[in-house]
Amino acid sequence: QPNNLYTSSSNNIAAYAMVELPITNIFKVIGGARVEQFTINYTGQRQVVNSDADIFDDERVLDEINFLPSLGAVYTVAEDMNLRVNFSQTVARPSFKEKSGAEIIDALTGRSFFGNLDVEQTEISNIDLRWEKFFTGGQLVSASLFYKQFNNPIEIVAYDQTAPTSVTPRNSSDATVYGFELDAKKNLGFIDEKLSNYSL
């Protein structure tokens, strides 16, 4: 099928700078910024061709310049304990399959995935707070709270009401994610010295 045959290429040009600034012997600030120019070029066509505008010959279908700052602070509560807070901006970009005009059929389920040439990238603002305690041998325990705000999140939704088993990516207006993480690393040497090179 001509509408299912396509070629895509992407290019990412990026530069970043970061600085770590000790304010006192127990408090430091880490800041930086990343600039990216990201493009996707596409050769193919839409599922339905109504005019020449629906046929693409190595045309740029995504062209974004993003300034992505980050700022963090680390407070040393004790010699083996830190409290961190971080803010950053990131992006999530559509895959070649998502940013296409192709219909891809899953042979096992019979479901169809329709690409969407109009889907755009997602901008994400991230905030997290982390407590961490370190032990000998690289062991640690940490707990984190995080919050993410999405602008134009990419979601996989039903293609339309008449085709509930067919899906396509579309941008929603916004979304939020928040939660917590617990992390621990324990050396197994306390079971047997032969296991001292292993951790769980």
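This section reports on the structure supplied with the text. Model, not experiment: these values are computed from the prediction. (Residues numbered from 1 in each chain as written. Predicted model: local features only at pLDDT ≥ 70, side-chain atom pairs only at ≥ 80, totals over all residues. Heavy atoms only, no water.)

### Here we look at the side chain of Glu-98
- Locating Glu-98 in the fold gives a position in the loop between β4 (81–92) and β5 (103–105).
- Among buried Asp, Glu, Lys and Arg side chains, Glu-98 stands out as unpaired, with Lys-97 the closest opposite charge at 7.1 Å.
- Within polar-contact distance, the side chain of Glu-98 engages the backbone nitrogen of Ser-95 at 2.9 Å.
- Setting aside anything within four residues of it in sequence, one finds Glu-98 in contact with Phe-113, Gly-115, Asn-116, Val-119, Ile-154, Ile-156 and Pro-169. (Helix = DSSP H or I, 4+ residues; strand = E, 2+ residues; numbered from the N terminus. Buried < 20%, exposed > 50% of the residue type's maximum accessible area, 1.4 Å probe, protein only. Lys, Arg positive; Asp, Glu negative; His and termini not counted. Salt bridge = Lys/Arg side-chain N within 4 Å of Asp/Glu carboxyl O. Polar contact = N/O pair within 3.5 Å; in protein donor to acceptor, adjacent residues only side chain to side chain. Contact = heavy atoms within 4.5 Å.)

### A closer look at the nonpolar core
- Core analysis: the biggest nonpolar cluster contains seven residues, these being Phe-38, Ile-40, Tyr-42, Phe-56, Val-61, Leu-62 and Leu-117.
- Those elements that provide at least two residues to this core are β2 (27–45) and β3 (55–78).
- Residues in contact with Leu-62, not counting those within four places in the same chain, are Phe-38, Thr-39, Ile-40, Pro-94, Lys-99 and Glu-120. (Core = buried A, V, L, I, M, F, W, Y, C linked by side-chain atoms within 4.5 Å.)

### A look at a nonpolar patch on the surface
- Taken together, the side chains of Ile-26, Tyr-75, Val-77, Leu-83, Val-85, Leu-129, Trp-131, Phe-135, Val-141, Leu-145, Phe-180 and Leu-182 define a hydrophobic patch exposed on the protein surface, amounting to about 1,100 Å² of accessible area.
- Those elements giving two or more residues to the nonpolar patch turn out to be β3, β4, β7 (122–134), β8 (140–151) and β11 (174–185).
- Within the secondary structure, Ile-26 sits in the loop between β1 (7–24) and β2. (Patch = residues over 30% accessible without salt bridge, like charges linked within 9 Å, V, L, I, M, F, W, Y side chains within 5 Å. Areas by Shrake-Rupley, 256 points an atom, 1.4 Å probe, with all protein chains shown as cover.)

### Focus: the packing of aromatic side chains
- Under the defined criterion, the tally for this structure stands at three aromatic pairs.
- Between Tyr-42 and Phe-56, the aromatic rings sit 5.8 Å apart at their centres with planes inclined by 75°, giving edge-to-face as the arrangement. Highlighted residues: Tyr-42 in strand β2 and Phe-56 in strand β3, separated in sequence by 14 residues. Assigned by exposure class, Tyr-42 and Phe-56 land together as buried.
- A ring pair is formed by Phe-114 and Tyr-159, whose centres lie 4.3 Å apart and whose planes are at 25°; its orientation type is stacked. One end of the pair, Phe-114, is in strand β6 (residues 112–114); the other, Tyr-159, is in strand β9 (residues 154–160), with 45 residues separating them in the sequence.
- Residue classification places Phe-114 among the buried positions, given a relative accessible area of 11%.
- Residue Tyr-159 is classed as partly exposed on the basis of its relative accessible area of 30%.
- Within the aromatic cluster, the residues linked to one another by ring pairs are Tyr-6, Tyr-42 and Phe-56.
- Looking at Lys-97, its charged tip hangs above the ring of Phe-113, at a distance of 4.4 Å from the centre. (Phe/Tyr/Trp six-rings, centres within 6.5 Å; stacked < 30°, edge-to-face > 60°. Lys NZ or Arg CZ within 6 Å of the ring centre and 35° of its normal.)

### As for the environment of Glu-193
- Residue position: Glu-193 is located in the segment after β11.
- Assessed through its relative accessible area of 68%, Glu-193 is described here as exposed.
- Sequence separation between Glu-193 and Leu-68 is 125 residues, and the spatial gap between their C-alpha atoms is 47 Å.

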